[in-house]
Each structure stands twice: as structure tokens, then as C-alpha cells.
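Remarks on the overall topology
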Amino acid sequence: MDKVTAPNMPGTSQTTTDTATQPNTPHPARDVSQLIQELKLTEDHAAEPTVVVEPGELRAVAQSLKERGFMLMDCVGIDYLTYTEERPKRFAVLYNVYHPRDHRRVFLRVWLDNGQPCPSLYPVWKAANYIERETYDLVGIEFEGHPDLRKVLTPDDLEGHPLRKDFPIGETPTLFREGRFLDPHAFRAGLAGGQAGLTGWRGSLRRGEERDIEPPVMPAGGPK
């Protein structure tokens, strides 16, 4: 076994240290570019490594990843109905796939039209059971081949899917101590670029008048 020998210093004895006791070298970069090329996948522009997969190819891609040691971690549905940038289709399903040994991670994105089903990955990973049910319940995306596709979070008598952008929401404006309030509808419209203002004002402040706030918003001298 390799040893590291420290030079003799006056008044000290020679010491040896096993390199086996030294800290392990860092893991290699968790790059998935070679994997994406190997599977001939199309990389998507995203913060995390993401590939676009056609619905008809999803199970074959998932099976190839499983054979390479990857496991399914999560599945989410996204509604881009009010998104400010153009997207290929209204909905997307994202599968989070992870390798537990070398810590590589890749997301599989499947674009879907409204009402278009997505092949279930339950035949590949049994872990898809509840997470696909959650996506169906909250976003309304149906998964073909799922053995028990039913609600898992919301009540059975709730109509619609709460995470769709067109789901009707009953909301109450949020009041702040200085008289300002956030109107939920205007807030969402502002985020989507539909309106410039995100807040409303009540009382005299709505008319542009000024008055001292009681109690003051900030203590004297700023925050403590």
C-alpha cells in the first residue's frame, strides 16, 4: 500500500500516513450528455438536464433507462395555458429519473394537447402508481395503461382539476396593515403580463391621498 513519508525535523521522529485514510476523491461530473446521445434523445432547454420524448416512445426510453440502473423519482403535470412564452402544446408531463449510484439525473418531458393521454410508466416502474394518480387528479392528464387511475388527493365529488390554469378559484383578497391589499385575480393577471398593477388600495389611499399609518409600518430607526 502506498505511504506518504514526512521529512525528518529536528527533535521529531519520522511518521508515515496511509493514503487510504485520505479523503476520497470527488465524484466525476454527473453529466448525462453521453447518455442523451446514446439513446438518441432530443435535449430540451431547461435548468436541469431535460429531454423531449414523444408519447409513443416514452415507455421504450424509460425501459432503456431502467436497464441502465435509473429509477423513477417523481412525475408532475404542467399547464401552460397562460404562460407568456409560446409552448408546443398546452400540457407537459415531466418524469424525474435518477441513478442512485452515480447520481445522474434526467427529466423526461412529454408534450400533450388538451385531452391527449400519456402512456403510463407503471409497466416499467411500479413507483409510477401514485404519482401518476396525483398528476391525473390535480391536472387532469390521463395515463393509458395505468391499472388504477383514480383520484388520490381531492374529494370524489370535486369537479375539475385544481392545478389547471382555468380552474375556478374562490379567493379572498389579502389585507396588509398599511391598507394595501392583493387582489388575487389582478395579481395573476399581472404575473401573466395582462395588467400592470398587482395591488389595490382601500379607503383614502385608493384616491391617491396620503395619511400617516397607525401603527407605523416600520419602527423608529428601521427594523430591529
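Reading guide: rules and limits
Residues numbered from 1 in each chain as written. Predicted model: local features only at pLDDT ≥ 70, side-chain atom pairs only at ≥ 80, totals over all residues. Heavy atoms only, no water. UniProt positions renumbered as here; feature names shortened; annotations may be inferred. Pairing = 2+ DSSP bridges. Helix = DSSP H or I, 4+ residues; strand = E, 2+ residues; numbered from the N terminus. Axes fitted to C-alpha atoms, helices over the stretch in contact; angles between N-to-C directions. Phe/Tyr/Trp six-rings, centres within 6.5 Å; stacked < 30°, edge-to-face > 60°. Buried < 20%, exposed > 50% of the residue type's maximum accessible area, 1.4 Å probe, protein only. Lys NZ or Arg CZ within 6 Å of the ring centre and 35° of its normal. Expected span 1.5 Å × (residues − 1). Contact = heavy atoms within 4.5 Å. Patch = residues over 30% accessible without salt bridge, like charges linked within 9 Å, V, L, I, M, F, W, Y side chains within 5 Å. Areas by Shrake-Rupley, 256 points an atom, 1.4 Å probe, with all protein chains shown as cover. Salt bridge = Lys/Arg side-chain N within 4 Å of Asp/Glu carboxyl O. Core = buried A, V, L, I, M, F, W, Y, C linked by side-chain atoms within 4.5 Å.

Per an unreviewed UniProt entry, the chain goes by NADH-quinone oxidoreductase subunit C and derives from Deinococcus antarcticus. UniProt annotates the chain under Subcellular location (unreviewed entry) with the comment "Cell membrane".

**Regarding the sheet that holds strand 3 (residues 42–44)**
Hydrogen bonding along the main chain pairs the strands of a sheet, whether they run parallel or antiparallel. Here we have five strands laid out as an open sheet, ordered 3-4-7-6-5, and mixed in their pairing. Both outer strands of the open sheet, strand 3 and strand 5 (71–79), are each paired with one neighbouring strand and no more. Ignoring which end each strand starts from, the neighbouring axes of this sheet average 30° apart. Pairing of strand 6 (residues 91–98) with strand 7 (residues 105–112) involves eight bridges; the strand directions are antiparallel.

**Focus: the packing of aromatic side chains**
All told, the structure shown has two aromatic pairs when counted by the stated rule. Taking 5.2 Å as the distance between ring centres and 85° as the angle between the ring planes, the aromatic pair formed by Tyr80 and Tyr83 counts as edge-to-face. Taking 5.4 Å as the distance between ring centres and 45° as the angle between the ring planes, the aromatic pair formed by Tyr80 and Trp111 counts as tilted. Pair noted here: Tyr80 is in the loop between strand 5 and strand 6 and Trp111 is in strand 7, with a separation of 31 residues, a long-range link. When sorted by exposure, Tyr80 lands in the same class as Trp111, which is buried. Here a set of aromatic residues connected by ring pairs shows up, and it is made of Tyr80, Tyr83 and Trp111. Over the ring of Tyr122 we find Lys126; its NZ or CZ atom is 5.0 Å from the centre of that ring.

**What to know about helix 3 (residues 128–139)**
Here helix 3 is 12 residues long and its end C-alpha atoms lie 16 Å apart, about the 16 Å a rise of 1.5 Å per residue gives. The buried count for helix 3 comes to 10 of 12 residues, which makes it a mostly enclosed element. Every buried residue belonging to helix 3 is among Ala128, Asn129, Ile131, Glu132, Arg133, Thr135, Tyr136, Asp137, Leu138 and Val139, and all of these are buried. Close packing links the buried residues of helix 3 with strand 5, strand 6, strand 8 (118–119) and strand 9 (143–144).

**With respect to unusual backbone geometry**
One non-glycine residue, Lys40, lies in positive phi territory at about 55°. When you line up the elements, Lys40 lands in the loop between helix 1 (33–38) and strand 3. Judged by relative accessible area, Lys40 falls into the exposed class, the value being 75%. Positive phi, normally seen in glycine, also occurs at His103, with a value near 65°. By secondary structure assignment, the location of His103 is in the loop between strand 6 and strand 7. For His103, a relative accessible area of 27% gives the class partly exposed.

**Considering a nonpolar patch on the surface**
Residues Tyr130, Val152 and Leu153 make up a contiguous nonpolar surface patch of roughly 300 Å² in combined accessible area. Residue placement: Val152 occurs in the loop between strand 9 and strand 10 (174–175). Classification of Val152 by relative accessible area gives partly exposed; the value is 31%.

**Let's talk about the nonpolar core**
With 33 residues, the main nonpolar core has Leu65, Tyr95, Val97, Leu108 and Cys118 as its most contacted residues. Per-element tally for this core: the top contributor is helix 3, with five residues. Sequence-distant contacts of Leu65, that is, excluding residues within four places in its chain, are made with Leu35, Leu39, Phe70, Val97, Val106, Leu108 and Trp125.

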